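Architecture and fold: a report
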Amino acid sequence: MSAAVETGWIGRSLERREDARLLTGRGEYLADVRVSDCLHVCFVRSSHAHARIKDIRLDAALEIPGVVGAITGAELSREIQGQKIPVLIPAFPAKYRQYWPLAVDEVYWHGEPLAAIVAKDKYVAEDAAAAVEIDYEPLPVVTDAEVALREDSPRVYDDWDSNEIFGTSYTGGFEADQIAKNDAEVEALFAQADVVLRQRFRTQRCGVCPIETRGALAIWSETDGLTVHLTTQRPHIERLALADLLELSTAEVRVVAPRDQGGGFGVKAPFYREHVVVCHLARKLGRPVRWIETREEHLMTVSQERDQIHDLEIAADREGRILALRNRGIGDVGDGRQGVYWGFVMPSLGSVMLPNAYGIRHADIKLRCAVTNKACMSPSRSFGALPTRFALERGLDMLARKLGLETAALKRRNLVTEFPFISVTGVHHDSGNYVKAWDKLVESVDLPGFRALQEEARASGRYIGIGFACGAEFSGIPSDVLVPLENQPGYGVVTMRIDPRGKIAIHEGDAPQGQSHETTMAQVAADAFGIHPDDVSVRHGDTGTTPLSSGTIGARGASYTVAAIAEAAAALKAKMARYMIHDHGLEGATADDFSFRGGAVIYEKDGNIRREFAALADRIVMGSINLPAGEDPGLEHTAYFEAPKPMICFTAQAAKVEVDIETGQFTILDYATCEDVGTVINPIVVEGQVQGGVVQGMSNAMFEEFLYDENGQQLTADFENYRLASAADVPNVTVGHSPTPCPDHPLGVRAVGEGRPGPVPGALANAICDALAPFGVESTTLPLKPEMILALIEAGRAGNGG
Amino acid sequence: MEKTITVTVNGTAYTRTVPLRLLLVDFIRDECGLTGTHIGCTYEGRCGACTVQIEGRAHKSCMKLAVQADGKEITTIEGLGSRDNLHRLQQAFSRYHALQCGFCTSGILMNAVDFLNENINPSEAEVRRALVGNLCRCTGYSHIVEAILAASATRHGLKPVPPPAETEPPP
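A quick note: this is a predicted structure, and the numbers were derived from the prediction, not measured.

Residues and elements named next belong to chain A. Strand order in the open sheet formed by three strands is 4-2-6, with antiparallel pairing between adjacent strands. At either margin of the open sheet sits one strand with a lone partner, and together these are strand 4 (106-107) and strand 6 (133-138). Relative to strand 6, strand 2 (residues 51-57) runs antiparallel, the two being bridged by six bridges. Residue pairing in the sheet places R52 in a bridge with E137 of strand 6.

As structure tokens, then:
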């Protein structure tokens, strides 16, 4: 197939190649994979937040016709390894507690699985799960992280000396005396400061639950071992972990992430306990076994992030320059038993990201994480950083009000201006122009015009406000960060093959969930070879056919994987050029003398010397005689890409709101961003990532909240009680651009996937507080519920003398 | 307890003996093998991923029993248009990048087709209100709204779906 335009594929809003199947109901999601003779699993989950299991009686369940088997935690713990294995443990010290996927002896949160039923279909499996009888002995429950950190708190784990699972300082160094010295220096700066802001900020437990829940379909073969299709962002890590847990050779484990996954957003990145149970049951029963998570299970067990408290202090001079920052964070990580992240890696990275895009030179930042009798914190897009973004962006607005400065000017004054910049917590900012993007945003929202409008509105009893926030977000995660953080490599890798017909296949070991890899990666390869994207196929997610990589996390697609595609293409083009030089006797020519365009390889110094791309591929792959000296036949290359240090993708965001002071309800009038994504591969895909990310931030900020009562009962396990934003709740987002190509990326791309929700709650809350400045309203907690806003208005009115 | 029912799905009659408690969405997925209809909230009627048309009107198929569809005509996403002959709304969804993971898309399309049949020239606010029963986690909804508006604007005279306004090009 060929089209009129055969070069310049990068930068075009190409319609997606995924769409034809997804729009016609032919997607290939996990629940769509059909195998004959498949059994279904239903997990029996704890109805207590903390209790000793005195007895589990399966008899009544096993008598139900259609039930094939059942397993308890006690039985399972004798048959497979516990989940504390090296591949699932980060490389820094914390309390990593051994556990099995089904509770043994004790349950630690409402919803913890303690048995599994296998039946002929899901209806029967659910009947049987309801028939399981369990005797519990309730134990003391702790659901508040601050309470949990007190000496006299009940212990979640009675053999731990405290509920603190992890705690550290992010500033000053690694030795106690270095840290103490730094803390003293920071204290001295606070003592000299013109102004100090001290405020506690709290973000509620919420996350980005995808519309497709989790699941697994395991097939056991005596010949080949285990093949498991499962919802995951990192199939290769799942494979290593499953092999270790089931004591299989890695040669016997193949993990297939489905071609289509219904969203992930970090939620499908951890190693979850249910997967291994499904695999073990398939092996034990010798039949395919499937589990598709219900929404209730999902909301009880995963998608819970953001649960952090920050006691933030900012020292500044009269002009609003930040002199120093001090922060004491607390993370509520739930039970703290979950492969890869163990609940605390998110708040830990949140503390690292706290200084954001601001050039803060002095800080004292510490974090303590507590276990509680709640579901383990699991990651969500804007990993760990949404809470610290909220704290600092709100804090800086409060500081601006204290100083009588315009918040947009105060923030601009503090942005990083010289690159590369190493933040006080060690985050490497590679390049960019934060001030330029900031200015473009501020100009686009017409700040002076808005201030005039605001004054007019107030005179007529209407309250409108504007709020700003920004995010310096990771564009991929280098090994330099990922190896210590998660014990996994950060490199991007693809295997690229060109067949004798000139068709290109790209194999990547990641597992996208809607990020448009099949389209954008085909654009990149087509651009490099001067062929049509329809002649490029992208295959991902199957550990049997792809090179090992860490998965679709942290905006790694457009940053690391695309960079690997560019490098693989360069290597194969160089090889094709060497064959041209040999075959046409072009002594002295180099690879640079050839251009790849219009489906041909052309010698630029003599346009008559050209070969059709497919003909040259056929000659190299099939015509393996008369080879250039020292040259291999074939056109296949595996390329690894690694940036030495993190690359950053900057976003500046502004919200305009109107608040009804009688009800506390607010309307988002406008939401604008300015992005530095460097080189844009597909503009409409980038725009979609920003629109979606921002609305996730809005939904988190406005509605979503997992609630537990004092007994640890989870009260929000359906979409009525755990509310997501609908189309009617949110506006269109105006997406602007201020690109600076990334020098560490072969194409200059900065990847936009990860951080977009993070600045949103700060921008929205700042806009609300700006609107309500006459009442002195300063919101410090999320979600931004009307009753909370109304209470602040009323408190303000009372404080103002009514 | 079981009952023998005949349900016509996308023009094909399926006669099956099914348990009374079998949900329509499971009938469509498991008995008819039409997996384009999805399950997102697991039978709460909240996410809308399972939306199909029964006798031409949008319904959430997780809120109905299969036996309630006995004798009825159902259209699922597989019956809306084919790869080579996409429905105008399907074309608009692709052109406006109104889907990312695609999991909610079938339900949104089946709802939106019904909506556009009743609303010839809707406003943006009307489209947003019409989507309240369909949750999407990827797109932030804007591109979906634009696609539906673009498809509606082309109803009269079946003009091609207009392309989206140019997103700002990098300088």
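As a further point, take the domain arrangement of chain A. All names here are of chain A. Each assigned domain of chain A is listed here: domain 1 (37-139 + 214-292), domain 2 (308-479 + 645-799) and domain 3 (491-641). With 18 residues of domain 2 in contact, the opposing surface of domain 3 contributes 18 residues. Residue composition of the side of domain 2 that touches domain 3, grouped by class: 11 nonpolar, six polar and one charged.

In this section: the environment of A:H540. Tracing the sequence through the fold places A:H540 in strand 21 (residues 536-540). In this structure, A:H540 is in contact with A:E508, A:D510, A:A511, A:P512, A:H517 and A:T546, ignoring residues within four places of it in sequence.

What follows concerns the pairing of strand 19 (residues 492-498) of chain A. All names here are of chain A. Burial analysis of strand 19 places five of its seven residues in the buried class, which makes it a mostly covered element. Judged from the six bridges that link them, strand 19 and strand 25 (residues 636-641) form a sheet pairing that is antiparallel. Within strand 25, the position partnered with M496 by the bridge is H637. The pairing of strand 19 with strand 20 (residues 504-508) spans five bridges and is classified as antiparallel. Residue T495 lies in a different strand from strand 20, and its bridge partner there is H507. Connecting the antiparallel pair strand 19 and strand 20 is a turn made up of five residues, with G502 showing a positive phi of about 80 degrees.

The subject of this paragraph is the interface of chain A and chain B. If you look at the interface, chain A gives 52 residues, while chain B gives 50 residues. Where the side of chain A that touches chain B is concerned, the elements lending two or more residues are helix 1 (19-23), helix 9 (295-301), helix 19 (683-702) and strand 28 (733-737) of chain A. It is helix 19 of chain A that provides the largest number of residues to the side of chain A that touches chain B, a total of nine residues. Split by residue class, the side of chain A that touches chain B holds 22 nonpolar, 17 polar and 13 charged.

Next up on the list: the sheet that holds strand 24 (residues 610-612) of chain A. Residues and elements named next belong to chain A. Pairing is antiparallel across the open sheet formed by three strands, whose spatial order is 22-23-24. The sheet is open, and its two borders are formed by strand 22 (594-597) and strand 24, each paired with just one other strand. Strand-to-strand twist of the sheet, defined as the mean angle between neighbouring strand axes without regard to direction, takes the value 15 degrees. Bridge count for strand 22 against strand 23 (residues 600-603) is four bridges, and the pairing is antiparallel. Looking at strand 23, one finds that F594 is bridged to Y603. Along the sheet, helix 18 (residues 613-621) contacts strand 22, strand 23 and strand 24; its crossing angle with strand 24, the most-contacted strand, is approximately 85 degrees.

About the criteria used
- Residues numbered from 1 in each chain as written.
- Chains lettered and ligands numbered in written order.
- Predicted model: local features only at pLDDT ≥ 70, side-chain atom pairs only at ≥ 80, totals over all residues.
- Pairing = 2+ DSSP bridges.
- Helix = DSSP H or I, 4+ residues; strand = E, 2+ residues; numbered from the N terminus.
- Domains from an automatic or database assignment.
- Contact = placed C-beta atoms within 7 Å.
- Nonpolar A, V, L, I, M, F, W, Y, C, P; charged D, E, K, R; others polar.
- Buried ≥ 20, exposed ≤ 12 C-beta atoms within 10 Å, placed from the backbone.
- Axes fitted to C-alpha atoms, helices over the stretch in contact; angles between N-to-C directions.

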